[in-house]
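If you want the building blocks of each chain, they are given just below.
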Amino acid sequence: MFDSYPKIPINEEAFSGMTFRVRYPKILTDVIQSELFDQRITQELENLKQSLNTQLVDRLSNTTAAYWHDFYVEYEGKKLIDLPFFDAEVYLFALINSIVQYDTLQIDPYSKIKSADLSQSQLAFDRILASSKDWDTKDFILNNLHGNKSDLSQLVHGDEVAIEVILDDSQTLIGQLPRYTSTEIILDNTGMELFSDLLLVDHLIDKYDHQITLHIKAAPLFVSDVIDEDITKLLDFLSHHQEEFVQRIKTYIKQGKITIVAHNFWNSPGHFDTIPKDLISKESLLLSKGDANYRRFFGDRILDSATNAFELTSYLKNEAFAIRTLKSDIQTSLSTELVQSLNSRNKEWRNIGKFAVIQKVSARILKIPNSSQKES
Ligand SMILES: O=P(O)(O)OC[C@H]1O[C@](O)(CO)[C@@H](O)[C@@H]1O
């Protein structure tokens, strides 16, 4: 397990420090400029932006008790920037939701940012859907990985970055697909990434007849993480040009071939080791999208990038793969030579969104009863 490693702190000199100094004030400015809220809420957002360095952790009524209990026991009354990085980030987004009264008003503070991004992606959607007619499974997975560049919380837009895959277990993943009847995907961002998820889902149903579960956030998080309304908005947007594809996805949803599950756990600081028991079926192949979900496999700890992921994820009940571009300080299972070479190319390689992995993150393999196949 990862408990013996220290949690990644907010460090002035590191990516985490830059995030609280530069990225979060910029995100708050963008929300304020969206003009979605009345003067009082806008002023509170402005106050938060000015006081990120001194903000204290208070109990928020929109944080679900069960998943936040340990967090408050440890951090209530402390300064936000003294918390571990992941805890501080998730709390900040819960605080923003609390300020904008998301539970009652149901206005996504990032909705304008998301809509602007959708409009810019129309041509790319058309181009990708047209070329996907000739794709095999590997192409769908690679396109899915590329989709994870499109993260609206980042300073550099995904389109500007060419990615390089530094760990590629896609053949293992493809080899396992026929053994399963269901895949569960922990989704990450809306827009281009969600589009790439739906393309992959369409393919998994068409070629492997999988039952699909899509796990999404119950409330806005990390700016562009998928919430329920994003799926409807994307399908509505696509329906003008991509009617056939949209109809197919809607039919799968109606038939229950695709199930969408929004859960408060994903809005909490919980990691995969504390996931609610019945949220993911043990029989499913698990695909985890994106950076923040990757951090959750390892408790967002300080780890040597050559540490074997399997040693830290023995708690997982599923065979799991992460499809992720690197946007924060944590990475596992690389060779020491590769780490050295990446360090010599760019000290910031872990968080610039240029490098990517399709990584098997748990040692588990599906147990098929009465099967002659060897199990581990
Ligand atoms: O959308 P993703 O891929 O999970 O990335 C979320 C981003 O925000 C972060 O939490 C850092 O603030 C990183 O995990 C990542 O840069």
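Since the model is a prediction, treat every value here as computed from it, not as a measurement.

What counts, and where the lines are drawn
- Residues numbered from 1 in each chain as written.
- Predicted model: local features only at pLDDT ≥ 70, side-chain atom pairs only at ≥ 80, totals over all residues.
- Heavy atoms only, no water.
- Helix = DSSP H or I, 4+ residues; strand = E, 2+ residues; numbered from the N terminus.
- Expected span 1.5 Å × (residues − 1).
- Buried < 20%, exposed > 50% of the residue type's maximum accessible area, 1.4 Å probe, protein only.
- Salt bridge = Lys/Arg side-chain N within 4 Å of Asp/Glu carboxyl O.
- Pairing = 2+ DSSP bridges.
- Near = heavy atom within 4 Å.
- Polar contact = N/O pair within 3.5 Å; in protein donor to acceptor, adjacent residues only side chain to side chain.
- Areas by Shrake-Rupley, 256 points an atom, 1.4 Å probe, with all protein chains shown as cover.
- Axes fitted to C-alpha atoms, helices over the stretch in contact; angles between N-to-C directions.
- Left-handed = near helix turned anticlockwise from the far one by under 90°.
- Contact = heavy atoms within 4.5 Å.
- Domains from an automatic or database assignment.
- Buried area = accessible area lost by both parts, 1.4 Å probe.
- Nonpolar A, V, L, I, M, F, W, Y, C, P; charged D, E, K, R; others polar.
- pLDDT = per-residue confidence, 0-100.
- Core = buried A, V, L, I, M, F, W, Y, C linked by side-chain atoms within 4.5 Å.

### Focus: helix H9 (residues 192-208)
Consideration 1: Taking 1.5 Å of rise per residue, 17 residues should cover 24 Å, and H9 covers 24 Å from first to last C-alpha, within 8% of that figure.
Consideration 2: Among the 17 residues of H9, 15 are classified as buried, and the element is accordingly described as predominantly covered.
Consideration 3: Phi turns positive one or two residues past the end of H9, at Asp209, with a value near 55 degrees.

### Here we look at the pattern of salt bridges
Consideration 1: Summed over the entire model, instances satisfying the criterion amount to 22 salt bridges.
Consideration 2: Close ionic contact of Asp209 with Lys257 constitutes a salt bridge, the shortest N to O distance being 3.0 Å. Within this pair, whereas Asp209 is found in the loop between H9 and strand E3 (211-217), its partner Lys257 is found in the loop between helix H11 (243-255) and strand E4 (258-263), the two being separated by 48 residues in sequence.
Consideration 3: Taken together, the shared-partner salt bridges connect Glu89, Arg295 and Asp300 into one network.

### A short note on the pairing of strand E7 (residues 355-360)
Consideration 1: When you tally the buried positions in E7, you get six out of six residues, the bulk of the element.
Consideration 2: Here E7 shows a buried face lined by Phe355, Val357 and Gln359 and a second buried face lined by Ala356, Ile358 and Lys360.
Consideration 3: Pairing analysis gives four bridges linking strand E1 (residues 164-168) to E7, with the strands arranged parallel. Paired with Leu167 across the strands is Val357, a residue of E7.
Consideration 4: Of the pairings in the sheet, the one linking strand E6 (residues 320-325) to E7 comprises five bridges and is antiparallel in character. Paired with Ile323 across the two strands is Ile358, which belongs to E7.

### Observations concerning the site of the ligand
Consideration 1: In the vicinity of the ligand there are 18 residues, among which Arg23, Glu89, Gln154, Asp291 and Arg295 approach most closely.
Consideration 2: Residue Asp188 places a side-chain N or O atom 2.8 Å away from an oxygen atom belonging to the ligand.
Consideration 3: One of the backbone nitrogen or oxygen atoms of Ala292 is found 2.8 Å away from an oxygen atom of the ligand.
Consideration 4: Taken by itself the ligand offers 380 Å² of open surface, and the protein chains cover 100% of this.
Consideration 5: If you list the elements that add at least two residues to the shell around the ligand, you get helix H1 (15-33), helix H4 (85-99) and helix H12 (290-297).

### Quick notes on the packing of helix H10 (residues 228-239) against H11
Consideration 1: At a closest axis distance of 8 Å, the pairing of H10 and H11 adopts a crossing angle of 145 degrees. As for the relative orientation of H10 and H11, their crossing is left-handed in sense. Residues Leu235, Asp236, Leu238 and Ser239 of H10 touch H11, and the partners they reach there are Glu243, Phe245, Val246, Ile249, Lys250 and Ile253.

### Some thoughts on the environment of Lys207
Consideration 1: By the element assignment, Lys207 lies in helix H9.
Consideration 2: Along the chain, Lys207 and Asp136 lie 71 residues apart, while their C-alpha atoms are 9.7 Å from each other.

### A look at the sheet that holds E7
Consideration 1: Spatially, the seven strands line up as an open sheet ordered E1-E7-E6-E5-E2-E3-E4, and their pairing is mixed. Looking along the sheet, the strands with just one partner apiece sit at the ends: E1 and E4. In this sheet, adjacent strand axes meet at a mean angle of 15 degrees when their direction is disregarded.
Consideration 2: Pairing of E3 with E4 involves six bridges; the strand directions are parallel.

### A short note on the domain arrangement of the chain
Quite often, the size of an interface is put as the accessible area lost when its parts meet.
Consideration 1: Under the domain assignment, the chain is made up of domain 1 (15-105) and domain 2 (111-360).
Consideration 2: Between domain 1 and domain 2, the C-alpha centre-to-centre distance is 25 Å.
Consideration 3: Listed per partner, the contact involves 23 residues of domain 1 and 29 residues of domain 2.
Consideration 4: On the domain 1 side of the interface with domain 2, the three residues burying the most area are Phe15, Tyr67 and Phe86, jointly 33% of the side's total.
Consideration 5: The salt bridge partner of Arg295 is Glu89, with a shortest N-O separation of 2.7 Å.
Consideration 6: Our count for the contact surface shared by domain 1 and domain 2 stands at four residue pairs in polar contact (both at pLDDT 80 or more).
Consideration 7: Within the residue set of the side of domain 1 that touches domain 2, elements represented by two or more residues are H1, helix H3 (65-75) and H4.
Consideration 8: Here the element with the most residues in the side of domain 1 that touches domain 2 is H1; it accounts for eight residues.
Consideration 9: In terms of residue class, the side of domain 1 that touches domain 2 is built from 14 nonpolar, three polar and six charged.

### Overview of the side chain of Asn189
Consideration 1: Within the element layout of this structure, Asn189 appears in the loop between strand E2 (182-186) and H9.
Consideration 2: For Asn189, a relative accessible area of 1% translates into the label buried.
Consideration 3: Within polar-contact distance, the side chain of Asn189 engages the side chain of Glu193 at 2.8 Å.
Consideration 4: Excluding residues that lie within four positions of it along the chain, Asn189 makes contacts with Asn148, Ser150, Asp151, Leu194, Asp197, Ser224, Asp225, Val226 and Lys327.

### So, the confidence of the model for the chain
Consideration 1: Confidence in the prediction of the chain, expressed as mean pLDDT, is 95, and 97% of residues score 70 or more.
Consideration 2: Segment residues 371-376: pLDDT under 50, and 10 contacts once partners within four positions in sequence are set aside and those in other chains are kept.
Consideration 3: We note a pTM of 0.95 for the whole complex and an ipTM of 0.94 for its interfaces.

### Here we look at the nonpolar core
Consideration 1: Ranked by size, the top nonpolar core spans 63 residues in total, and within it Leu45, Tyr91 and Phe298 carry the most contacts.
Consideration 2: Only H1, helix H2 (39-50), H3, H4, H12, helix H13 (309-312) and E6 provide two or more residues apiece to this core.
Consideration 3: Top element by residues in this core is H4. It accounts for 11 residues.
Consideration 4: Within the second largest apolar cluster, 46 residues are counted, among which are Ala124, Leu199, Val201 and Ile212.

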